[in-house]
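# Overview (structure and organization)
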Amino acid sequence: MSHAAANKAETEAAPNSSLKQSAAPQPANSHDAKLLNGSLAPRTNGLTNHAASAVVGTSSSSGYGISSAAGSGAGSGGATSSVSASASSSAAAVAAVANSTALPLPPSSNGLQMPYERFRADDASYVPIAQFYAGRSVFITGGTGFMGKVLVEKLLRSCPDIRNIYLLIRPKRGQEVSARLTELLNAPLFESLRQEKPKELSKVIPISGDITSEELGISEKDQNLLCRNVSVVFHSAATVKFDEKLKLSVTINMLGTKRLVELCHRMLSLDALIHVSTAYCNCDRTDVSEVIYAPPYNPDDIISLINWLPEDILDQLTPRLIGKRPNTYTFTKALAEHMLLKEAGNLPVAIVRPSIVTASLNEPFAGWVDNFNGPTGLVSALAKGMFRTMMCEKNYVADMVPVDIVINLMIAAAWRTATRKSNNLLIYNCCTGQRNPIIWSEFVKHAMTSVRKHPLEGCLWYPTGDLRMNRPMNTLNCIAKHFLPAYILDGVARIMGKKPFVVNVQNKIAKAVECLEYFATRQWRFKDDNVHALLNTLSPKDREIFVFDVRHINWDKYVERYVLGFREFLFKQRPESLPASRKRMLRLYYLHQLTKLVAVLLTWRFLMSRSKRLNDLWSSFLENALRMARLIPFL
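Because the structure is a prediction, the values reported are computed rather than measured.

## A closer look at the overall build of the protein chain
Per the secondary structure count, the protein chain includes 24 helices and 13 strands. Going through the 635 residues of the protein chain one by one, you find that 52% of them count as buried. Accessible area of the protein chain: about 28700 Å², with a carbon and sulfur share of 56%.

## Remarks on the sheet that holds strand S4 (residues 230–235)
Each strand in a sheet pairs with its neighbour through backbone hydrogen bonds, running either in the same direction (parallel) or in the opposite one (antiparallel). The strand order S3-S2-S1-S4-S5-S7-S11 describes an open sheet built from seven strands, whose pairing is parallel. With one partner strand each, in any of the chains shown, strand S3 (204–208) and strand S11 (426–430) form the two edges of the open sheet. With strand direction ignored, the average angle separating the axes of adjacent strands in the sheet is 20 degrees. Both strand S7 (residues 349–354) and S11 contribute to a ladder of five bridges, which runs parallel. Bridged to Arg-353 within S11 is Asn-429.

## A few points about the pairing of S11
Regular strands have side chains that alternate between both faces of the sheet. In terms of burial, S11 is largely enclosed, as five of its five residues are buried. Here S11 shows a buried face lined by Leu-426, Tyr-428 and Cys-430 and a second buried face lined by Ile-427 and Asn-429.

## Notes on empty space enclosed by the protein
For the structure shown, the criterion picks out seven cavities of 30 Å³ or more. Of the pockets and cavities examined, the largest cavity occupies roughly 200 Å³. Around the largest cavity, the lining is made up of 19 residues, and of these Leu-378, Phe-387, Met-390, Val-444 and Leu-467 lie nearest the centre. Residues belonging to the lining of the largest cavity are distributed by class as follows: 15 nonpolar, two polar and two charged.

## Some details on the packing of aromatic side chains
What the rule picks out here adds up to 22 aromatic pairs. Centroid distance Tyr-518 to Phe-519: 5.2 Å. Interplanar angle 80 degrees. Geometry classified as edge-to-face. Each member of the pair Tyr-518 and Phe-519 is classed as buried. Consider the rings of Tyr-562 and Phe-566, whose centres lie 6.2 Å apart with planes at 80 degrees: the pair is edge-to-face. Placement of the pair is Tyr-562 and Phe-566 together in helix H22 (residues 555–569), with a separation of four residues, close to one helical turn. Phe-566 matches Tyr-562 in its accessibility class, with the two residues each being buried. The ring of Phe-546 carries the charged tip of Lys-154 above its face, separated from the ring centre by 4.9 Å.

## Observations regarding a nonpolar patch on the surface
Judged by side-chain polarity, Leu-591, Leu-594, Leu-597, Val-598, Leu-601 and Leu-602 come together as a nonpolar surface patch covering roughly 560 Å² of accessible area. Note that Leu-602 resides in helix H23 (residues 578–610). Residue Leu-602 is classed as exposed on the basis of its relative accessible area of 58%.

## Notes on helix H20 (residues 529–537)
With respect to burial, H20 is a largely interior element, seven of its nine residues being buried. Every buried residue of H20 is accounted for by Asn-530, Val-531, Ala-533, Leu-534, Leu-535, Asn-536 and Thr-537. Considering only its buried residues, H20 is in contact with helix H16 (403–419), S11 and helix H21 (540–545).

Procedures and definitions
Residues take numbers from 1 onward in each chain, read along the sequence in its written order. For this predicted model, a pLDDT threshold of at least 70 governs which residues receive local features, and a threshold of 80 or more governs which side-chain atom pairs are given and counted, while totals over whole chains, interfaces and linings are taken from all residues. Side-chain measures here rest on the full set of heavy atoms in the structure, leaving out hydrogens and waters. By definition, any uninterrupted DSSP run of H or I lasting at least four residues is a helix, any uninterrupted run of E lasting at least two residues is a strand, and each is numbered from the N terminus. Exposure categories follow from relative accessible area, calculated using a 1.4 Å probe and restricted to protein chains: below 20% of the type maximum is buried, above 50% is exposed, and the middle band is partly exposed. Only the protein chains shown count as covering a residue, and every accessible area follows the Shrake-Rupley method with a 1.4 Å probe. Paired strands, in this sense, are two strands between which DSSP finds at least two bridges. Structural elements are reduced to axes, namely lines fitted to C-alpha atoms, with helices fitted over the stretch in contact, and the angle between N-to-C directions of any two is expressed from 0 to 180 degrees. Two kinds of site are reported from a 1 Å grid over the protein atoms alone, namely cavities, where a 1.4 Å probe fits but cannot get out, and pockets, open sets with protein on both sides within 12 Å along at least five of seven lines, and residues are called lining when an atom falls within 4 Å of a point. Grid points are joined across faces, edges and corners, and a volume is the space filled by probe spheres set on the points. Gly is put with the polar residues, along with every residue not named as nonpolar or charged; the nonpolar set is Ala, Val, Leu, Ile, Met, Phe, Trp, Tyr, Cys and Pro, and the charged set is Asp, Glu, Lys and Arg. The criterion for an aromatic pair is that two Phe, Tyr or Trp rings (for Trp, the six-membered ring) have centres within 6.5 Å, with stacked assigned to planes under 30 degrees apart, edge-to-face to planes over 60 apart and tilted to the rest. A ring has a charge above it when a Lys NZ or an Arg CZ is no more than 6 Å from the ring centre and no more than 35 degrees off the ring normal. Surface patches are drawn from residues lacking salt bridges whose relative accessible area is over 30%; two like charges belong together within 9 Å, two nonpolar side chains (Val, Leu, Ile, Met, Phe, Trp, Tyr) within 5 Å. Should a side-chain nitrogen of Lys or Arg be within 4 Å of a carboxyl oxygen of Asp or Glu, the pair is scored as a salt bridge. Here a residue-residue contact requires only that any non-hydrogen atoms of the pair lie within 4.5 Å.

The quantities given are spatial measurements derived from coordinates; they are silent on function.
And the structure:
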């Protein structure tokens, strides 16, 4: 039996084991010794005795309602009926697990999964974060993504003695990994490093691979290189598309995680594995603590399901599988966490769960962003004058967190995991809703002010907008303010012999709004006690270098820099163009007001032509107004 399989068996065989609150300190590179002497212990973090029993009992009896169907479906042509029966039989299991709660902690732990001590100036054993990374090699998956780029830049800039950073890079469209790395390091994000510390960039080494392939698509030679040298792993590779097909989402978010853990088990000196999840993986519950909740299905059964079930039937079954969750992203992320809990054994693991990740707060410079995901796309459409209404509860908290806050927490979490050995798998909810909340109406107000103050070039209309919870009214406004003008503009473009594009853009905006609507019409309370406790263990200097205290965010200034950031980095518009853009915005303002006036007059004229009573009332009002005017002496 493999080591990973043995750990899985141990975890499932001991669902009632209690959660240990502390563990004896271990040598820094003691993982191999644990493997040899068999001292790796199972984890049950975040599962109540009842929940763990339900998980194991359901899995053994019916495979969460899936594995039994897999066996019958594979041996017959009735795959559809087998899956339907399986999905129905799993309802009871899902209900049983969904009603479970997280493992209650002793009162002395203050809600934390392990005791934290505050930083003491007289603590001679304290190792600064930058010193911890000195001489170490780091392996990063997802290093070419939004968060991965910021992580690489921060490690190179703030941990100057780091040995090497290995990046898992997939060859893309005939482009070799070395070419992709060069392109990555030439991005504006690394400009200060290229100017001030160009030699640091040579520490970044590409590893050719693919998160969707067996053994991550890494060659045997590179695997051996990683196993010999790496001591810290950051796993941020994931598909973040909310409408991703279940098969691909499982392959990347779950199988990719499983394959990485298998590689980590072979690493000779692994001190920390940081898995990036999402705070919304448990969006089916309102209060989310820093624990792993029992999943609705056995992760292994879901993996088996996508391997044998035809994709068209899998697509039909997806809504029933994901249940109360809005998409495959949150569903597979939740399963990946539980799979990590079972497969990790005694690997030093921690999970970081950010909420909605947005542009940088300060590092490497304020407002940096490289994609239109989440609120960025909608605020950009607002700035262009193409987006005016959406379904949103304006008084709910908009739980978004700057990307550099998340990265600093990840770096500090790895430091903590390595320097304070424990059998516990710690989770960090990286959110702003508890310590420094901003509601949607305030965010939109700040965004509206900023896009008018720093307008985009080529803005189509004066930016305005409303948040609504009345769906019929929102739909009516979408038709009148989004699609009707879009069809008119495209019609004019066709007449002028130009390519129409506005309707296509509106369709994309509507799709993005649909994905975000679930999160804008609901509210969660993400507990972040572990994050706050970790902050208290840092020295004052480390707190200044690795900032993740969200209480320091000034939302008004942040949103303004956010707008300036996507103006420069996404739309490639220089600050020198702002004066001309502001003049255009002023003209659009007057045009907007004139249009409203004309609309009111036309509406009034239409109503008067249709109603004699209204016409008589208007005539009577004008008569009385003229009589009053004659009483004024100077008139």
